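Residue-level listing of the chains:
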Amino acid sequence: MKKVRSTAAAAEKDHEKWMARFQVRLAMQPGVDRPVVLQAVKEVTVHCADTGEHPRTAFGDPDAYAVQAASRLVPADRAARARKQNAVVDALDSVLRRVGDIAGR
């Protein structure tokens, strides 16, 4: 009985790790906001509850599925705007770092 419990606990822990990784990677995708994350997590949770499948079995790698879910759930124009904004922020950050280096900070 103890081995069954430990196997079930390990499976639950693996499930939680997959979901956590998926949520983090999804949140990092351009244009993804809280409602998109909540919708995607709900879809995965409901599917797994209905089928009894582990999310890795049903959806594969959490990183790859996060990219796939974002492309499905985020309108293309919003994702493009977010990518453009991220590029501007990255460029500004780079300039500020160089100014700090020159100033001796």
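As a reminder, the structure under discussion sits directly above these lines.
Please read these numbers as outputs of a predicted model, since none were measured by experiment.

1. Regarding the environment of Arg 21
- Checked against the element boundaries, Arg 21 lands in helix H1 (residues 2–27).
- Among the residues examined, Arg 21 registers a relative accessible area of 38% and is labelled partly exposed.
- Sequence-wise, Arg 21 and Asp 63 are 42 residues apart; in three dimensions their C-alpha atoms are separated by 7.2 Å.
- Once residues within four sequence positions are removed from consideration, Arg 21 is found in contact with Pro 62 and Asp 63.
- A distance of 2.7 Å separates polar atoms of two side chains, one belonging to Arg 21 and the other to Asp 63.

2. A look at the environment of Ala 40
- Mapped onto the fold, Ala 40 is located in helix H2 (residues 34–51).
- For Ala 40, a relative accessible area of 1% gives the class buried.
- Separated by 26 residues in the primary sequence, Ala 40 and Ala 66 place their C-alpha atoms 8.7 Å from one another.
- When neighbours within four sequence positions are excluded, Ala 40 is seen to be in contact with Phe 22, Leu 26 and Leu 73.

3. Overview of the nonpolar core
- Of all hydrophobic cores here, the largest spans 18 residues; its most connected members are Trp 18, Phe 22, Leu 26, Val 32, Val 44 and Tyr 65.
- Elements that contribute at least two residues to this core include exactly H1, H2 and helix H4 (62–73).
- When residues of this core are assigned to their parent elements, the largest contribution, six residues, is made by H2.
- Not counting chain neighbours up to four residues away, the residues in contact with Val 44 comprise Trp 18, Met 19, Phe 22, Pro 55, Phe 59 and Tyr 65.

4. Some details on H2
- A rise of 1.5 Å per residue sets the reference length of H2, with its 18 residues, at 26 Å; its end C-alpha atoms lie 26 Å apart and thus fit the reference within 8%.
- For H2, every residue scored as buried is listed here: Val 36, Val 37, Ala 40, Val 41, Val 44 and Cys 48. On an axial view of H2, the arc spanned by its buried residues comes to 125°, and they lie on one face. Exposed side chains of H2 directed beyond 90 degrees from the buried face belong to Arg 34, Pro 35, Lys 42, Ala 49 and Asp 50.
- Trailing H2 by a residue or two, Gly 52 shows a phi angle of about 80°, which is positive.

Calculation criteria
Residues numbered from 1 in each chain as written. Predicted model: local features only at pLDDT ≥ 70, side-chain atom pairs only at ≥ 80, totals over all residues. Heavy atoms only, no water. Helix = DSSP H or I, 4+ residues; strand = E, 2+ residues; numbered from the N terminus. Buried < 20%, exposed > 50% of the residue type's maximum accessible area, 1.4 Å probe, protein only. Contact = heavy atoms within 4.5 Å. Polar contact = N/O pair within 3.5 Å; in protein donor to acceptor, adjacent residues only side chain to side chain. Core = buried A, V, L, I, M, F, W, Y, C linked by side-chain atoms within 4.5 Å. Expected span 1.5 Å × (residues − 1). Arc of directions from axis to C-beta.

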